[in-house]
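Structure assessment
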Amino acid sequence: MKEDILEQLASDYLEALGYFTLTNVKFRPDPSDPAFDSKQDSVHSDIDVLGYCPKRAGVDRVIAVSCKSLQEGFWPEWEVNAIEKNKLVSGREAWRRYRELVVPKWARAFRKCISDLTNESTFVYVTAVTKVNGDRSPWENNSKFRETLGAEIRLLSLNEMVEAVLPALSNTVANSELGRTLQLFKAAGILGGKDA
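Read on for a plain summary of the structure. (Residues numbered from 1 in each chain as written. Predicted model: local features only at pLDDT ≥ 70, side-chain atom pairs only at ≥ 80, totals over all residues. Heavy atoms only, no water.)

What follows is about the overall build of the protein. Counting its regular elements, the protein contains nine helices and seven strands. Relative to its length of 196 residues, the protein is compact, with a C-alpha radius of gyration of 18 Å against a globular reference of 16 Å. Its C-alpha atoms give the protein principal-axis dimensions of roughly 60 × 35 × 30 Å. Going through the 196 residues of the protein one by one, you find that 43% of them count as buried. Contacts spanning at least 24 positions in sequence make up 64% of the contacts within the protein whose residues lie at least 6 apart. Accessible surface computed for the protein: about 10,500 Å², of which carbon and sulfur atoms make up 50%. Of the charged side chains in the protein, 26 are positive and 28 negative; the average position of the first set lies 1 Å away from that of the second. (Helix = DSSP H or I, 4+ residues; strand = E, 2+ residues; numbered from the N terminus. Rg over C-alpha atoms; globule rule 2.2 N^0.38 Å. Buried < 20%, exposed > 50% of the residue type's maximum accessible area, 1.4 Å probe, protein only. Contact = heavy atoms within 4.5 Å. Areas by Shrake-Rupley, 256 points an atom, 1.4 Å probe, with all protein chains shown as cover. Lys, Arg positive; Asp, Glu negative; His and termini not counted. Charge placed at Lys NZ, Arg CZ, Asp CG, Glu CD.)

Next up, the structure:
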């Protein structure tokens, strides 16, 4: 695997849905941005997976994915609370993990990066996680995040990725690592295949 496993699976998931993908796409605020601070903004962040599907219309044509592969899953309300209260998580401020959602200059850089690569100004921001714990709405419907980024926000669990890809699999060798792994799990009976 060339990336974090969840990033690879998210990329495979989008490809299975017909998207072309790029991974680890670097971005940072432009030094000409009036809010640019060389001490805070010189290090790039990245879009874990950027998907573009020319056959789709509207916001779903471009999907920008941020992966959070926490073993215990993702607690939307807790994450929002940590960001709003500027809590330290693993020794750094929680908002830094989501800077494009909370800091306008980072949001501008994020949007510009997407526009430069896709020639599109609308997109969906997806937070891909191992599993969603609790109510999604504090994250997906967060008005501050949506206003700052200027995009629809969705959560996507690993289970949802598998459920979307699994029905489309046939006996022909899948063209993605996610698809091929699921085929093998199915053949082994792990997913209700031949040996189950």
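Picking up where we left off.
Time to look at the nonpolar core. If you look at the biggest cluster of nonpolar residues, it comprises 31 residues, and the most contacted ones within it are Ile 47, Leu 101, Phe 110, Ile 114, Phe 123, Trp 139 and Leu 149. Taken together, the elements giving at least two residues each to this core come down to β1 (20–27), β2 (45–52), β3 (62–68), α3 (76–84), α5 (104–118), β6 (124–129), α7 (143–149) and β7 (152–157). Looking at this core element by element, the count peaks at six residues for α5. If sequence neighbours within four positions are ignored, Trp 139 has contacts with Phe 74, Pro 76, Glu 79, Val 80, Ile 83, Tyr 98, Leu 101, Thr 127, Phe 145, Ile 153 and Leu 155. Among the nonpolar cores identified, the runner-up in size contains 22 residues, and Leu 9, Tyr 13, Val 165 and Leu 182 belong to it. (Core = buried A, V, L, I, M, F, W, Y, C linked by side-chain atoms within 4.5 Å.)

Attention shifts here to the pattern of salt bridges. Scanning the model with the defined rule gives ten salt bridges in all. Salt-bridge contacts for Arg 108 lead to Asp 33; the nearest nitrogen and oxygen are separated by 2.9 Å. One end of the pair, Arg 108, is in helix α5; the other, Asp 33, is in the loop between β1 and α2 (38–41), and 75 residues separate them in sequence. Among the residues examined, Asp 33 registers a relative accessible area of 13% and is labelled buried. Through salt bridges with shared partners, a single ionic network connects Asp 60, Glu 152 and Arg 154. (Salt bridge = Lys/Arg side-chain N within 4 Å of Asp/Glu carboxyl O.)

Quick look at α3 now. Every buried residue of α3 is accounted for by Pro 76, Glu 79, Val 80, Ala 82 and Ile 83. All buried residues of α3 project into a common sector of 160° when viewed along the axis, lining one side. Structural note: α3 exposes Glu 77 and Glu 84 on the side pointing more than 90 degrees away from its buried face. Contacts made by the buried residues of α3 are with β4 (88–89), α4 (99–102), α6 (137–140), α7 and β7. Taken from the residues just after α3, Asn 86 is the one with a positive phi, measuring 55°. (Arc of directions from axis to C-beta.)

Glancing now at the packing of aromatic side chains. Overall, the coordinates contain seven aromatic pairs when judged by the stated rule. On the numbers, 4.9 Å between centres and 70° between planes, the contact of Tyr 98 with Trp 139 is edge-to-face. Here the residue Tyr 98 occupies a position in the loop between β5 (92–93) and α4, and Trp 139 occupies one in helix α6, the gap between them amounting to 41 residues. Accessibility assignment for this pair places Tyr 98 and Trp 139 in one class, buried. Measuring from centroid to centroid gives 5.7 Å for Phe 110 and Tyr 125, while their planes differ by 55°, and the two rings are tilted. Residue Phe 110 is found in helix α5, and its partner Tyr 125 is found in strand β6; the two are separated by 15 residues along the sequence. Looking at Phe 110, the relative accessible area reads 2%, which means it is buried. The class for Tyr 125 is buried, based on a relative accessible area of 0%. These aromatic residues form a ring-pair network of at least three members: Phe 27, Trp 106, Phe 110, Phe 123 and Tyr 125. (Phe/Tyr/Trp six-rings, centres within 6.5 Å; stacked < 30°, edge-to-face > 60°.)

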